Amino acid sequence: MTLKSRSKIVDLLKGGVVGTEVTAKGWVRTRRGNKNVAFIALNDGSTIHNIQVVADVTTFGDDFLKDVNTGACIMVVGQLVESPGAQQPVEIQAKNIEIYGKADAATYPLQKKGHSLEFLREIAHLRPRTNTFGAVLRIRHAMAYAIHKFYNDKGFFYLHTPIVTASDAEGAGAMFRVTTLDIENPPRSEDGKVNFTEDFFGKETNLTVSGQLEGELGALALSEIYTFGPTFRAENSNTPRHLAEFWMIEPEMAFYDIEDNMDLAEEFLKYLTSYALEHCKDDLEFLNKMWDKELIERLNFVASNKFVRLTYTEAVDILEKADQKWEFPVFWGADLQSEHERYLVEKHFKKPVILTNYPKDIKAFYMKQNDDGKTVRAMDVLFPKIGEIIGGSQREENLEALTTRMAEMNIPQDEMWWYIDTRKFGSAPHSGFGLGFERLLLFVTGMSNIRDVIPFPRTPNNCEF
RNA sequence: UCCUCAUUAGCUCAGUUGGUUAGAGCACCUGACUGUUAAUCAGGGGGUCCUAGGUUCAAGUCCUAGAUGAGGAGCCA
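Conventions used here
- Residues numbered from 1 in each chain as written.
- Chains lettered and ligands numbered in written order.
- Predicted model: local features only at pLDDT ≥ 70, side-chain atom pairs only at ≥ 80, totals over all residues.
- Heavy atoms only, no water.
- Pairing = 2+ DSSP bridges.
- Helix = DSSP H or I, 4+ residues; strand = E, 2+ residues; numbered from the N terminus.
- Contact = heavy atoms within 4.5 Å.
- Axes fitted to C-alpha atoms, helices over the stretch in contact; angles between N-to-C directions.
- Buried < 20%, exposed > 50% of the residue type's maximum accessible area, 1.4 Å probe, protein only.
- Core = buried A, V, L, I, M, F, W, Y, C linked by side-chain atoms within 4.5 Å.
- Near = heavy atom within 4 Å.
- Polar contact = N/O pair within 3.5 Å; in protein donor to acceptor, adjacent residues only side chain to side chain.
- Patch = residues over 30% accessible without salt bridge, like charges linked within 9 Å, V, L, I, M, F, W, Y side chains within 5 Å.
- Areas by Shrake-Rupley, 256 points an atom, 1.4 Å probe, with all protein chains shown as cover.
- Salt bridge = Lys/Arg side-chain N within 4 Å of Asp/Glu carboxyl O.

## Some details on the sheet that holds strand β15 (residues 387-394)
1) Next: The 8 strands lie next to each other as β6-β10-β11-β16-β15-β14-β13-β12, forming an open sheet whose pairing is mixed. With one partner strand each, in any of the chains shown, β6 (157-158) and β12 (308-311) form the two edges of the open sheet.
2) Next: Strand contacts of helix α14 (residues 437-445): β10 (224-232), β11 (245-254), β14 (375-383), β15 and β16 (430-436), with the helix running at about 60° to β16, the strand carrying the most contacts.

Right, here's the structure in full:
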């Protein structure tokens, strides 16, 4: 028998054959019992549920069982039997128990009773062993898989856009510099400035803030692509919705206009929501019970109801007529604030909202300009509790319109020659959007802080683990 | 970065108007219990009340500054 031969607890609970000898391995959640019998709740992360191991105290001895405590890692060999207890179908009658790793009860930080999410963040190396983070991490995996499945089934190609980039033209946020220069004593040119031609890449480089521009290059060759990778923003954002390092999905499609783009975004979000409801039932039920009593109801609602679509101008109209005091004034041309977005989603429509056709001055240079000369074909998908979960647009494919806009917004065109080239040679109408993976997970898991849906969060002043 | 709030046992939290020796549940230790379900029951040990100043006869409690955390805002996904 090799070390890895064992039954996963999820399989034992669902399809284990009663009467057979089985081997289970995992971490002890609790041990309880009396002087005759000990009950060990064992979890191996394959499911939210534990399997109950029953150990005869006279067989194993008090001293031995003392070390089979919360946190210890053990192997159990024994017969799978029907459980007389009401809370589990089967249990293991232990014949042999081996302790792989003890956990000193006096110093092991995790206990069987509730911990605050804040405390668990401080022990992010151990929090995957809790019910909540086990559930979140399994759902995170399921969503990542579902994203690839969704696009693969549609014939999209997964494009790996670069993580190190020399373009900071998109202006999506402050960037992390990538350099091998000696930060204490960098080479300088005659004018005293740091001489980046001596840096590793011979120019200034940063971590990517978006794969979109390179994604467009792929779409204008493969027709439909998506990216799914890490993204970095050096913004000093301290909120439950922002991370310095997060994952983003960016589909980019040739021959899609803004309507096609919205259709895809809505179908995508509904697919993922339905996938979670179908494949992560046990974990969602746990999170629903533990953290968010309306979670499953909300997921069902989003999966089965049409999103509201309206233009920015219509939204401003609704907000101006709303019987509501605003901290920030509403007028045409102003960027919508959180309070405005929340009002539309949570109070006025009570369902997800897609806003389109924003004033061009509050949106990026690459967005397709409308004939009115005032608005661009941007779209933001707004979700309850989370706010903006998707931001996207139809892209400006007309060379002259694009370069004129770049000049107006002081975007350096020489650095962007390759991007502009796509509008010179075989340009095509195309669209795309970005979905923040962790924001999706906030919605799907019902967690309220983004630091609790990524294994090791990176935020200002925090890069532990 | 701005505003607000919080910080008391390993964890979760009480602590009255500033007043004797700072409490509870869980965890830990000792014991009881013939199948438990965050097992239960009895007993025990465990405190830099975030840090540094200050006010006061007296500070966990009031004041000032700082640290850390959280919520809201901005930036955005």
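Structure's up, so let's keep going.
## Thoughts on the pairing of strand β4 (residues 73-82)
1) Next: In terms of residue burial, β4 counts as a mostly covered element, since 8 of its 10 residues are buried.
2) Next: Sheet topology note: the strand β1 (residues 21-33)/β4 ladder contains 7 bridges and is antiparallel. What sits directly across from T23, in β4, is V77.

## Section: the nonpolar core
1) Next: Judged by nonpolar contacts, the single largest core of 57 residues is most densely connected at M143, Y151 and L440.
2) Next: Of all hydrophobic cores here, the second largest spans 30 residues; its members include V316, W326, V330 and M416.

## Details of the protein's contact with RNA strand B
1) Next: Close contacts around RNA strand B come from 51 residues, with N34, K112, T239, H242 and R439 the closest.
2) Next: Counting only the atoms of RNA strand B within 4 Å of the protein, the fraction contributed by sugar and phosphate is 54%.
3) Next: One nitrogen or oxygen atom from the side chain of Q87 is found 2.3 Å from a sugar or linking oxygen belonging to RNA strand B.
4) Next: Sorting the residues of the surface near RNA strand B by element identifies β1, β5 (90-101), α4 (117-122), β11, α11 (338-348), β15 and β16 as the ones contributing at least two each.

## Notes on unusual backbone geometry
1) Next: One non-glycine residue with positive phi stands out, namely K350, at about 55°.
2) Next: Structurally, the position occupied by K350 is in the loop between α11 and β13 (353-359).
3) Next: Relative accessible area serves as the criterion here: at 56%, K350 is assigned to the exposed category.
4) Next: If you check the backbone angles, N410 has positive phi at about 55° while not being a glycine.
5) Next: Tracing the backbone through its elements, the reader meets N410 in the loop between α12 (399-408) and α13 (417-424).

## Overview of the sheet that holds β4
1) Next: An order of β1-β2-β3-β5-β4 is seen for the 5 strands of this closed barrel, with the pairing classed as mixed. Here the strands of the sheet are splayed against their neighbours by 55° on average, with no regard to which way each runs.
2) Next: With 10 bridges connecting them, β4 and β5 associate as antiparallel partners. Across the sheet, residue M75 finds its bridge partner in β5, namely E98.

## Some remarks on a nonpolar patch on the surface
1) Next: Nonpolar side chains collect at one region of the surface, where I163, V164, F200 and F201 lie side by side and expose about 380 Å² of accessible area between them.
2) Next: Locating F200 in the fold gives a position in the loop between β8 (177-178) and β9 (205-207).
3) Next: Residue F200 is classed as exposed on the basis of its relative accessible area of 59%.

## Description of the pattern of salt bridges
1) Next: Counted according to the given criterion, the structure contains 27 salt bridges.
2) Next: Here R138 makes a salt bridge to D283, at a shortest N to O gap of 3.0 Å. Separated by 145 residues along the polypeptide, R138 in helix α5 (residues 131-153) and D283 in helix α8 (residues 281-290) bring together distant segments of the chain. One exposure class covers both R138 and D283, and it is buried.
3) Next: Notably, a salt bridge pairs R309 with D263, separated by 2.9 Å at the nearest N-O pair. Of this pair, R309 sits in strand β12 while D263 sits in helix α7 (residues 258-279); the two residues are 46 residues apart in sequence, bridging distant segments of the chain.
4) Next: Given a relative accessible area of 39%, D263 falls into the partly exposed group.

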